[in-house]
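Structural features, examined
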Amino acid sequence: MNVQKIMVIGAGQMGSGIAQVCAMAGYDVILHDLKEEFVDKGMGVIQKNLSRQVDKGRLTEADVEAILNRLSRSSDLSNAKEVDLVIEAAIENMEIKTKLFAELDQLAPKHAILATNTSSLPITEIAAATTRPEQVIGMHFMNPVPVMKLVEIIRGLATADEVYETIEAITNKLGKVPVEVNDFPGFVSNRILMPMINEAIYTVYEGVATPEAVDEVMKLGMNHPMGPLTLADFIGLDTCLYIMETLHEGFGDDKYRPCPLLRKYVKAGWLGKKTGRGFYTY
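From a predicted model like this one, the values you see are computed outputs, not experimental measurements. (Residues numbered from 1 in each chain as written. Predicted model: local features only at pLDDT ≥ 70, side-chain atom pairs only at ≥ 80, totals over all residues. Heavy atoms only, no water.)

Each helix and strand in the protein was counted, giving eleven helices and eight strands. Here the C-alpha atoms of the protein give a radius of gyration of 19 Å, agreeing with the 19 Å that 2.2 N^0.38 yields for 282 residues. Across its three principal directions, the C-alpha atoms of the protein cover 55 × 45 × 30 Å. Taken over 282 residues, the protein has a buried fraction of 49%. Restricting the contact set of the protein to residue pairs at least 6 apart, pairs at least 24 apart contribute 67%. Here the protein displays about 13500 Å² of accessible surface, and carbon together with sulfur accounts for 53% of that area. Looking at charge distribution, the protein has the averaged site of its 28 positive side-chain charges lying 5 Å from that of its 37 negative ones. (Helix = DSSP H or I, 4+ residues; strand = E, 2+ residues; numbered from the N terminus. Rg over C-alpha atoms; globule rule 2.2 N^0.38 Å. Buried < 20%, exposed > 50% of the residue type's maximum accessible area, 1.4 Å probe, protein only. Contact = heavy atoms within 4.5 Å. Areas by Shrake-Rupley, 256 points an atom, 1.4 Å probe, with all protein chains shown as cover. Lys, Arg positive; Asp, Glu negative; His and termini not counted. Charge placed at Lys NZ, Arg CZ, Asp CG, Glu CD.)

And the structure:
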């Protein structure tokens, strides 16, 4: 399956990073979001990232110009009719994603693959919103996308082998490492990471230690580059809560029950770095 043009839906932190690495790998990329201002913001982040690579001597000005020329802006979803692959990086909400995939199914060419960057939601359920479930696949990038090597590739129940092989080849072309994962809540990365973060929050909630102490133990004792509570603040506590709820609902097991302190912080609007306050103040 020959993929030349890619649409990335969602120009936030993940979407802009995905668009950047696709353009750097030589693909023509349409960066799409609901409003032009969101797309402009995403393009601004890409330009800043590329300028930093020039400063470090990893790219030339000519390289940057060529990469930016491969990127185009979109706030009209009907632009999907021009592409071979869509990578959706919208908000982590099943209702929004299924509605979007149903629309894309109508708009994208019959041969186009529809991929989702979901971090925990079932691929099979998203695929069921389309008439082409065999062409729907999970492509879970890590944050920050330009830096992190891993891409979890998740087959839905109906995903065709040819579609998997195409996405695996694209992932390699992006300079990433594809790892095949089965379609279970949280896949591998978040099924292991989020309960650890949740347990770290319980440790604070139960008065065992301060956030600083918990993070120090995990950094110095377990050789983690960043403590779990700092990481939670960077991910966004609302995202952490949503993934824990997806795990809890998906498995029906109380070991995935979100900590009440996590719920309290989210209700308070303390979502981490993006709001200036979470377990730490920014």
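Moving on, there is more to tell.
Let's shift gears to the packing of aromatic side chains. Counted under the stated rule, the structure contains five aromatic pairs. Measuring from ring centre to ring centre gives 5.1 Å for Tyr265 and Trp270, while their planes differ by 65°; the resulting arrangement is edge-to-face. A relative accessible area of 16% means that Tyr265 is categorised as buried. Positioned above the aromatic ring of Tyr164 is the side chain of Arg155, whose terminal nitrogen or guanidinium carbon lies 4.5 Å from the ring centre. Lying over the aromatic face of Tyr27, Lys173 brings its terminal NZ or CZ to 4.4 Å of the ring centre. (Phe/Tyr/Trp six-rings, centres within 6.5 Å; stacked < 30°, edge-to-face > 60°. Lys NZ or Arg CZ within 6 Å of the ring centre and 35° of its normal.)

The next subject is a nonpolar patch on the surface. A cluster of nonpolar side chains, Met226, Phe234 and Tyr282, forms an exposed patch at the surface whose accessible area comes to about 270 Å². Position of Met226 relative to the elements: it lies in the loop between α8 (211-222) and α9 (228-235). (Patch = residues over 30% accessible without salt bridge, like charges linked within 9 Å, V, L, I, M, F, W, Y side chains within 5 Å. Salt bridge = Lys/Arg side-chain N within 4 Å of Asp/Glu carboxyl O.)

One number sums up the size of the second largest pocket: a volume of about 190 Å³. Element by element, the count of residues in the lining of the second largest pocket is highest for helix α10 (residues 237-251), at five residues. Tallied by class, the residues present in the lining of the second largest pocket amount to five nonpolar, two polar and three charged. Lining the lining of the second largest pocket are residues from two domains, each supplying at least three of them: domain 1 (5-182) and domain 2 (190-275). (1 Å grid on protein atoms, 1.4 Å probe; cavity = no way out; pocket = protein on both sides within 12 Å on 5 of 7 lines; lining within 4 Å. Points joined across faces, edges and corners; volume = space filled by probe spheres on them. Nonpolar A, V, L, I, M, F, W, Y, C, P; charged D, E, K, R; others polar. Domains from an automatic or database assignment.)

Within the largest apolar cluster, 38 residues are counted, with the highest numbers of intra-cluster contacts made by Tyr27, Leu85, Ile87 and Phe141. Take this core: its biggest share by element is six residues, from helix α1 (residues 13-24). When sequence neighbours within four positions are dropped, the list of residues in contact with Leu85 reads Val3, Lys5, Ile6, Met7, Ile113, Ala115, Ile167 and Ile170. (Core = buried A, V, L, I, M, F, W, Y, C linked by side-chain atoms within 4.5 Å.)

Hydrogen bonds between backbone groups are what pair the strands of a sheet, and the pairing can be parallel or antiparallel. The strand order across the open sheet formed by eight strands is β3-β2-β1-β4-β5-β6-β7-β8, and the pairing between neighbours is mixed. A strand with exactly one partner marks an edge of an open sheet, and here the two such strands are β3 (71-74) and β8 (177-181). Within this sheet the neighbouring strands show an average axis-to-axis angle of 25°, counted without direction. As judged from the five bridges shared by strand β6 (residues 136-141) and strand β7 (residues 150-155), these two strands associate in the antiparallel manner. Across the sheet, residue His140 finds its bridge partner in β7, namely Glu152. Against the sheet, helix α4 (residues 94-107) contacts β1 (5-9), β4 (85-88), β5 (113-116) and β6, and its axis sits at roughly 165° relative to β5. (Pairing = 2+ DSSP bridges. Axes fitted to C-alpha atoms, helices over the stretch in contact; angles between N-to-C directions.)

The residues that UniProt annotates with the feature "site: Important for catalytic activity" (unreviewed entry) are His140. In this structure, His140 sits in strand β6. Exposure remark for His140: the relative accessible area of 6% places this residue in the buried category. Residues within four places of His140 in sequence aside, it is in contact with Thr116, Asn117, Thr118, Ser119, Leu150, Val151, Glu152, Ile154, Phe187, Ser189 and Asn190. A polar contact of 2.8 Å, which involves the side chain of His140, links it to the side chain of Glu152. (UniProt positions renumbered as here; feature names shortened; annotations may be inferred. Polar contact = N/O pair within 3.5 Å; in protein donor to acceptor, adjacent residues only side chain to side chain.)

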